[in-house]
Amino acid sequence: MRTAVLMLAFLWCVSAQDECNSREMQGGIVCVCDASYCDQPGIIDFPEEGSFTVVTSNQEGLRFNVETFAVSGEEIPGAVVVTVNPDDVYQTMLGFGGAFTDAAGQGVVTLAPEAQENFLRSYFSAEGNAYSIGRIPIAGADCSARTYSYDDVEGDIDLEHWSLQEEDYNYKIPLLLRAIELSPQPLKLFGSPWAPPAWMKTNGMFNGSGILIKEMWQPYANYLVKFVDAYEGEGVGLWGLTPQNEPLGGLDNWPINCCGWTAEEMRDWMKGNLGPSLEAAGYRRLQMMMVDFNRDSLPWFVETCLEDPECAQYVDGTAVHWYSDYIVGPEVLDQTHDLSPSRFILYSEACYNFDETLLGSWFRAEDYSRHIFEAVNHYSAGWVDWNLALDRHGGPNWANNFLDAPIIVDTEAGEFFKQPMFYALGHFSKFVLPGAERISSTVSSDSFEVAAFIDPSGRSVVLLLNKGEDAVDVSVTDGTSFLNYNMPAKSIQTILY
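Residues numbered from 1 in each chain as written. Predicted model: local features only at pLDDT ≥ 70, side-chain atom pairs only at ≥ 80, totals over all residues. Heavy atoms only, no water.

Chemist: What is the right way to look at the packing of helix H9 (residues 362-376) against helix H10 (residues 420-429) in this model?
Modeler: The axes of two packed helices give the description: the angle between them and the distance between them. Interhelical geometry of H9 versus H10 gives an angle of 25 degrees and a closest axis separation of 8 Å. Considered as vectors, H9 and H10 are oriented roughly parallel to each other. The interaxial crossing formed by H9 with H10 has right-handed handedness. Of H10, the residues touching H9 (which contributes Trp-362, Arg-364, Ala-365, Tyr-368, Ser-369, Ile-372 and Phe-373) are Pro-420, Met-421, Ala-424, Leu-425 and Phe-428. When grouped by side-chain class, the residues that make up the contact of H9 with H10 number ten nonpolar, one polar and one charged. (Axes fitted to C-alpha atoms, helices over the stretch in contact; angles between N-to-C directions. Helix = DSSP H or I, 4+ residues; strand = E, 2+ residues; numbered from the N terminus. Parallel < 35°, antiparallel > 145°, perpendicular 65-115°, else oblique. Left-handed = near helix turned anticlockwise from the far one by under 90°. Contact = heavy atoms within 4.5 Å. Nonpolar A, V, L, I, M, F, W, Y, C, P; charged D, E, K, R; others polar.)

Chemist: Would you take a moment to explain the state of the cysteines for this structure?
Modeler: Here a disulfide denotes a covalent bond joining the sulfur atom of one cysteine to the sulfur atom of another. Across all of its chains, the model carries two disulfides by this definition. Paired through a disulfide, Cys-20 and Cys-31 show a sulfur-sulfur distance of 2.0 Å. Across the S-S bond of Cys-20 and Cys-31 the torsion is about -110 degrees, and the bridge reads as left-handed. Remark: Cys-31 occurs in strand E2 (residues 29-33) and Cys-20 occurs in the segment before strand E1 (22-24); sequence separation between them is eleven residues. Disulfide partners in the protein chain, listed by the sequence order of the bonded cysteines, are 1-2, 3-4. Considering cysteine sulfurs only, Cys-311 is the nearest to Cys-305, which forms no disulfide, with 4.1 Å between them. (Disulfide = S-S within 2.5 Å.)

Chemist: It is not clear to me how helix H4 (residues 217-233) should be interpreted in this structure. Could you clarify?
Modeler: Owing to its 3.6 residues per turn, the α-helix aligns residues three or four sequence positions apart on the same side. Its 17 residues give H4 an end-to-end C-alpha distance of 25 Å, which sits within 8% of 24 Å, the value for a rise of 1.5 Å per residue. Within H4, burial applies to Trp-217, Pro-219, Tyr-220, Ala-221, Tyr-223, Leu-224, Val-225, Phe-227, Val-228, Ala-230 and Tyr-231. Buried-residue contacts for H4 involve strand E7 (133-138), helix H3 (166-182), strand E8 (188-193), strand E9 (240-241) and helix H5 (263-280). The first or second residue beyond H4 is Gly-235, which carries a positive phi of 95 degrees. (Expected span 1.5 Å × (residues − 1). Buried < 20%, exposed > 50% of the residue type's maximum accessible area, 1.4 Å probe, protein only.)

Chemist: Help me understand the pattern of salt bridges, please; the structure alone is not making it clear to me.
Modeler: Proximity of charged atoms lets side chains of opposite charge pair with each other. Following the criterion strictly, the structure yields 22 salt bridges and no others. Two residues, Asp-39 and Lys-418, come together in a salt bridge whose shortest N-O distance is 3.6 Å. Of this pair, Asp-39 sits in the loop between E2 and strand E3 (51-58) while Lys-418 is found in strand E16 (residues 415-418), placing the two residues 379 residues apart along the sequence. Accessibility classification places Asp-39 together with Lys-418 in one group, the buried group. Here Arg-392 and Asp-410 are joined by a salt bridge, their closest N and O atoms 3.1 Å apart. In this pair, Arg-392 sits in the loop between strand E14 (390-391) and strand E15 (407-410) while Asp-410 sits in strand E15, placing the two residues 18 residues apart along the sequence. Looking at Arg-392, the relative accessible area reads 37%, which means it is partly exposed. Among the residues examined, Asp-410 registers a relative accessible area of 10% and is labelled buried. A cluster of three or more residues bridged by salt bridges with shared partners is formed by Glu-117, Arg-121, Arg-178 and Glu-181. (Salt bridge = Lys/Arg side-chain N within 4 Å of Asp/Glu carboxyl O.)

Chemist: I keep staring at the sheet that holds strand E13 (residues 380-387) and nothing clicks. Help me out?
Modeler: Think of a sheet as strands paired side by side through backbone hydrogen bonds, with each pair either parallel or antiparallel. Judged by pairing direction, the barrel is parallel, and its eight strands sit side by side in the order E6-E7-E8-E9-E10-E11-E12-E13 before closing back on the first. As defined by bridge partners, strand E11 (residues 317-321) adjoins strand E12 (residues 344-349) across five bridges and the pair is classed as parallel. By the bridge assignment, Gly-317 is partnered in E12 with Phe-344. Those strands touched by H5 are E9 and strand E10 (287-294), and its axis lies near 145 degrees from that of E10. (Pairing = 2+ DSSP bridges.)

Chemist: Teacher, can you tell me more about unusual backbone geometry here?
Modeler: With glycine set apart, most residues show a phi of negative sign, and most peptide bonds adopt trans. Residue Pro-299 follows Leu-298 across a cis peptide bond; omega there is -10 degrees. Locating Pro-299 in the fold gives a position in the loop between E10 and helix H6 (300-306). A positive phi angle, close to 45 degrees, is found at Glu-246, a residue other than glycine. Its place among the elements puts Glu-246 in the loop between E9 and H5. Overall, the relative accessible area of 6% leaves Glu-246 in the buried class. One non-glycine residue with positive phi stands out, namely Asp-292, at about 50 degrees. Relative to the assigned elements, Asp-292 resides in strand E10.

Chemist: How do you make sense of the sheet that holds E16 when you look at a structure like this?
Modeler: One open sheet holds the five strands; their spatial order is E1-E2-E16-E15-E14, and the pairing between them is mixed. Strands with a single pairing partner mark the edges of an open sheet, and in this sheet they are E1 and E14. Taken strand by strand, helix H2 (residues 113-124) contacts E15 and E16, and its axis lies near 20 degrees from that of E16. Its contacts with the sheet place H10 against E2, E15 and E16, and it is angled at close to 60 degrees to E16.

Chemist: Can you help me understand the pairing of strand E18 (residues 448-454) in this one?
Modeler: For a regular strand, side chains alternate in direction, first toward one face of the sheet and then toward the other. Summarising burial for E18: six of the seven residues are buried, a large majority. Judged from the three bridges that link them, strand E17 (residues 437-443) and E18 form a sheet pairing that is antiparallel. Bridge pairing links Glu-437 to Ile-454 in E18. Where E17 hands over to E18, the hairpin turn is made up of four residues, counted between the paired strands. Two elements, E18 and strand E19 (residues 460-466), share seven bridges in a ladder whose sense is antiparallel. For Phe-448, the partnering residue across the bridge sits in E19 and is Asn-466. Here E18 hands over to E19 after five residues, with Gly-458 in that stretch at a positive phi of 95 degrees.

Structure, rendered in structure tokens:
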């Protein structure tokens, strides 16, 4: 029997700079939302010609604070200088977003309907963060309360017992449908499988060291086609797929849902089974992203697929996870781009997995931001966060792989906490719209990170991160004029002009 999340539609009057309902937690400041109130930044538009707008969030508690200044003819002496070149254009952006996991939905549905609406508006409405991408785990993942697939009847190679599960109907589809309604642009939704039915794997388990049995290559391709059929039948139109989440994990005895693939086996399955099956079903329009794993699998894994024309015809881009970014430099992103410049790169998963939740941590927001700056400056067309929300323990998670998330739900108090990470991501997702083009940018201080874009409207968006402990004067220039102002310590900003 299907059940659904009750979502209420309201007439919302949102003004810019709604105040954060701040609360000091163990790691710093969070903004508290419930059924009666939630801060939304509102619509923050480009200013009139001759002026520029600065949107600021910082460690001290500013959240999307908006100020507008006049453009100047010369820089501030001694200022940190940011130089942008609108004529030096790189990748076109796809957008930013997060994942509709079982864990996220399971927490959100404990909230009152009005609080659920506040949650979804915070992420997906034009007045909120305006997320434009969403990832959907295909069946269970570690961020689920149990292990399951869509066909757990052993030996059912004809998939007669294939069916969506209560998690889809309770925790995913209702939230997805409301997010689609709220989004000011078409929401790019893509699916990723963690594991096939256990009986299709060599070890007979959802986790551990195991690969897809060769005789199951075609039944599993059919299984994934059925997922697309089912979700689109529920009104959730898909934009893309990845063939496997973290394909090397199943070769390394991982404790979470996984299935092992070598690059060569993935190449052969893609060209012989999955690609043709999707095409026959009318789904070649879906954007297929290879790898869906860390930088240490670049560029060699995707190169194996792209050097075979039969496989390459089904490949549209490369999906990357951030978990090895601390040890593998960004040059592998450049190398992957150079393999096929017409294909995109998208960061498809990221979260703090070093510990459980640390409510209010500015360090995590800053560190997250630093990696997003690095990724987009090396050809990533966007960044997709992992769980949209988790509970206060960093779950549910059947494998006890507890994590952190931009929003944490207090399932007992009926409220949720927007962490600094939420606002850091929002500085990108709200202002770097799909279709924007990255342009070259440099900054004169090692304490800063910068990324710059041309908006689809033709106007400019510059993002800055001040990692330093002091406020500093900043001059942003494109060689013709200067945007002069003072930037707070430990802050992230978006500049519109």
